[in-house]
Amino acid sequence: RTSRLVIPGEADEGVARGLGRCLEGEKDPRCLLVALRCVELAAAHARLTAKDAWSEAAAEALFEAVSPYFPISFAPPENDPYGVTPEKLR
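Asks: Kindly report on the overall build of the chain, identifying the contributing residues and their values.
Replies: Along its length, the chain carries four helices and zero strands. Its helices and strands taken in sequence order, the chain reads α-α-α-α from the N to the C terminus. Within the chain, the proportion of its 90 residues that are buried is 30%. The contacts in the chain between residues at least 6 apart in sequence include a share of 61% that link residues at least 24 apart. Here the chain displays about 6600 Å² of accessible surface, and carbon together with sulfur accounts for 55% of that area.

As structure tokens, this is what we get:
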């Protein structure tokens, strides 16, 4: 089964800014895993659009959304029941 994200080409900047709002200030690693996966899907979609790229404003918004989280410095607590690792966040 394949996940598919369908976004009209003209909505790219709004999607990027929306993802930025989802990520803003997020500290829970489980939520970050989901949000960063959404960013990954959105970026993959951008590569598949007719123009092969999002607008410069959309790319900048997406970069600004994820850049505060890199480089990743995360040490899971001992006995972490969720299994979140720094490798999964990369």
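Asks: So what's going on with the pattern of salt bridges? Which residues, and what values?
Replies: Scanning the entire structure with this criterion turns up two salt bridges. With a shortest N-O distance of 2.9 Å, aspartate 28 and arginine 30 are connected by a salt bridge. Here glutamate 40 makes a salt bridge to arginine 37, at a shortest N to O gap of 3.1 Å. On the criterion of helical spacing, the pair formed by glutamate 40 and arginine 37 is a turn pair, its members being three residues apart in helix α2 (residues 29-48).

Asks: Any details on the nonpolar core? Residues and values, ideally.
Replies: Formed by 17 residues in total, the largest nonpolar core has its most connected members in Leu23 and Val39. Where this core is concerned, the elements lending two or more residues are α1 (12-23), α2 and α3 (56-66). Apart from the residues lying within four places of it in its own chain, the contact partners of leucine 23 are Leu32, Ala35, Leu36, Val39, Ala65, Val66 and Tyr69.

Conventions we followed
Positions within a chain are numbered from 1, following the residues in the order the chain's sequence is written. In view of the model being predicted, local features appear only for residues whose pLDDT reaches at least 70, and side-chain atom pairs are presented and counted only at 80 or more, with totals across whole chains, interfaces and linings using the full set of residues. Here the side-chain values reflect all heavy atoms present in the structure, with hydrogen atoms and water set aside. Think of it this way: any DSSP run of H or I at least four residues long counts as a helix, any run of E at least two long counts as a strand, and we number them from the N terminus. Burial classification: accessible surface area is computed with a 1.4 Å probe over protein chains only, and a residue below 20% of its type maximum counts as buried, one above 50% as exposed, and the rest as partly exposed. We call two residues contacting when some pair of their heavy atoms lies within 4.5 Å. In this description, accessible areas are obtained by the Shrake-Rupley approach with a 1.4 Å probe, and a residue is regarded as covered only by the protein chains that are shown. By salt bridge we mean one thing: a side-chain nitrogen of Lys or Arg within 4 Å of a carboxyl oxygen of Asp or Glu. In plain words, nonpolar cores are sets of buried Ala, Val, Leu, Ile, Met, Phe, Trp, Tyr and Cys residues tied together by side-chain atoms within 4.5 Å.

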